[in-house]
Amino acid sequence: MVWCVAGFAAGSIPFALLIGRTHGIDIREHGSGNVGATNLGRVLGGRYFALCFTLDLSKGLAPTLSYGLVGGLVPLPAERWIETASWLLVMVCPVLGHMFSPLVGFKGGKGVATGLGGLLGVFPLLTLPGLAAAALWGLGVKTTRYVGLSSSLAAASLPAWAAVFVWLLDRSWATDWPAVAVCAVLGALVCVKHRGNLGRTLAGTEPRVGETKASRSDAPSGNAAAKDV
C-alpha cells in the first residue's frame, strides 16, 4: 500500500505545469489546455517537450523499478502470479496519478510517457513490449504527424506485444496473464483519453506535429486544439 501511495503521489507531479510556470505561463490556459508534454512542447518548443516527456517517464519508471529492485523481483520471477500482480499494481499507480492528479483538480495528461516509464520498469516482461509500443508511436508520429493517433495506436498494440513477449521469453501464462490483462486495461484507458484527438483527426481539425505557432490556437481547451499526451 505504501508503494502504491508513493507511486500515485509521484505520478501526480504536474511537470508540464511547473515548467510552464518557470516561464511565466499557466499551460492550462494555452494551446489545448492539457497538462502534458505535447501541449507544453507546442507552446514552448521541442526541447521543453523532451524535458517534460523525460520527467513524466521518470514518474512511472522510478517507483516501478525501485519496487522491483527492493523486492528482489528484477528480473521478474515466474514462480507465482501474485508477485507479478503486486508489481503491476505499483506500476499502474503513477499512471493514474498522472491522469488524475489531485494537484490540478484530478485532471492531468494522457498517461503515455508515464505509462511507458512504468512498462520499462517491469523488467524484462514489460520492458520489451514498452519499447515495441514506443517504436510504433515514433513511426506513427513520423508518418502521420498526429500525436494523438500515434499514441492510441501504440496503446492499442500493448496487449498484443505483451502476449508476444510472454511467448518469446518462454514464460508461463499461468503467472504472466496479469501483465497482458493490465496492458489491455492501460491501452484502453489511454485510447479513451485520446477520443477527442481521434474525433478531430477524422474531422481534419487535429493539429499536426511541426505546425507553426501562427497555425495553433492559444485558447483554452474549449476550442478545437488537441489534447495530447
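If you're wondering where the values come from, they're calculated on a predicted model, not measured in any experiment.

Quick word on helix H10 (residues 195–203)
Okay, step 1: Buried within H10 we find Asn-197, Arg-200 and Thr-201. On an axial view of H10, the arc spanned by its buried residues comes to 105°, and they lie on one face. Exposed and facing more than 90 degrees away from the buried side of H10 are Arg-195, Leu-202 and Ala-203.
Okay, step 2: Looking at the buried positions of H10, the neighbouring elements they touch are helix H8 (147–168) and helix H9 (173–193).
Okay, step 3: In the segment just after H10, Gly-204 is the residue with positive phi, at about 80°.

Observations concerning the nonpolar core
Okay, step 1: One finds Met-91 and Leu-126 to be the most contacted residues of the largest nonpolar core, which totals 33 residues.
Okay, step 2: For this core, the element with the highest residue contribution is helix H5 (residues 81–99), accounting for eight residues.
Okay, step 3: Discounting residues that sit within four places of it in the chain, Leu-126 has contacts with Leu-88, Met-91, Leu-119, Leu-120, Ala-162, Ala-179 and Cys-183.
Okay, step 4: Counting 17 residues, the second-largest nonpolar core is a separate cluster that includes Leu-17, Cys-52, Leu-57 and Leu-116.

Focus on the side chain of Glu-206
Okay, step 1: Looking at where Glu-206 falls in the secondary structure, it is placed in the segment after H10.
Okay, step 2: A polar atom in the side chain of Glu-206 sits 2.9 Å from the side chain of Asn-197.
Okay, step 3: Of the polar contacts made by the side chain of Glu-206, one reaches the side chain of Arg-200; its length is 3.1 Å.

Quick notes on a nonpolar patch on the surface
Okay, step 1: Together, Trp-81, Ile-82, Trp-173 and Trp-177 make up a nonpolar patch on the protein surface, roughly 450 Å² of accessible area in all.
Okay, step 2: For the nonpolar patch, the secondary structure elements donating two or more residues are H5 and H9.
Okay, step 3: Tracing the chain through its elements places Trp-81 in helix H5.
Okay, step 4: The exposure class of Trp-81 is partly exposed, given its relative accessible area of 40%.

Overview of the packing of H9 against H10
Okay, step 1: Between H9 and H10, the least distance of the axes is 4 Å, while the angle of their chain directions is 55°. Put simply, H9 runs oblique to H10. Between H9 and H10, the contacting residues are Cys-191, Val-192 and Lys-193 on the first element and Arg-195, Asn-197 and Leu-198 on the second.
Okay, step 2: Across the contact of H9 with H10, the residue classes tally to three nonpolar, one polar and two charged.

Rules used in this analysis
- Residues numbered from 1 in each chain as written.
- Predicted model: local features only at pLDDT ≥ 70, side-chain atom pairs only at ≥ 80, totals over all residues.
- Heavy atoms only, no water.
- Buried < 20%, exposed > 50% of the residue type's maximum accessible area, 1.4 Å probe, protein only.
- Helix = DSSP H or I, 4+ residues; strand = E, 2+ residues; numbered from the N terminus.
- Arc of directions from axis to C-beta.
- Contact = heavy atoms within 4.5 Å.
- Core = buried A, V, L, I, M, F, W, Y, C linked by side-chain atoms within 4.5 Å.
- Polar contact = N/O pair within 3.5 Å; in protein donor to acceptor, adjacent residues only side chain to side chain.
- Patch = residues over 30% accessible without salt bridge, like charges linked within 9 Å, V, L, I, M, F, W, Y side chains within 5 Å.
- Areas by Shrake-Rupley, 256 points an atom, 1.4 Å probe, with all protein chains shown as cover.
- Salt bridge = Lys/Arg side-chain N within 4 Å of Asp/Glu carboxyl O.
- Axes fitted to C-alpha atoms, helices over the stretch in contact; angles between N-to-C directions.
- Parallel < 35°, antiparallel > 145°, perpendicular 65-115°, else oblique.
- Nonpolar A, V, L, I, M, F, W, Y, C, P; charged D, E, K, R; others polar.

In short, the description is geometric, and any link to function would need to be established separately.
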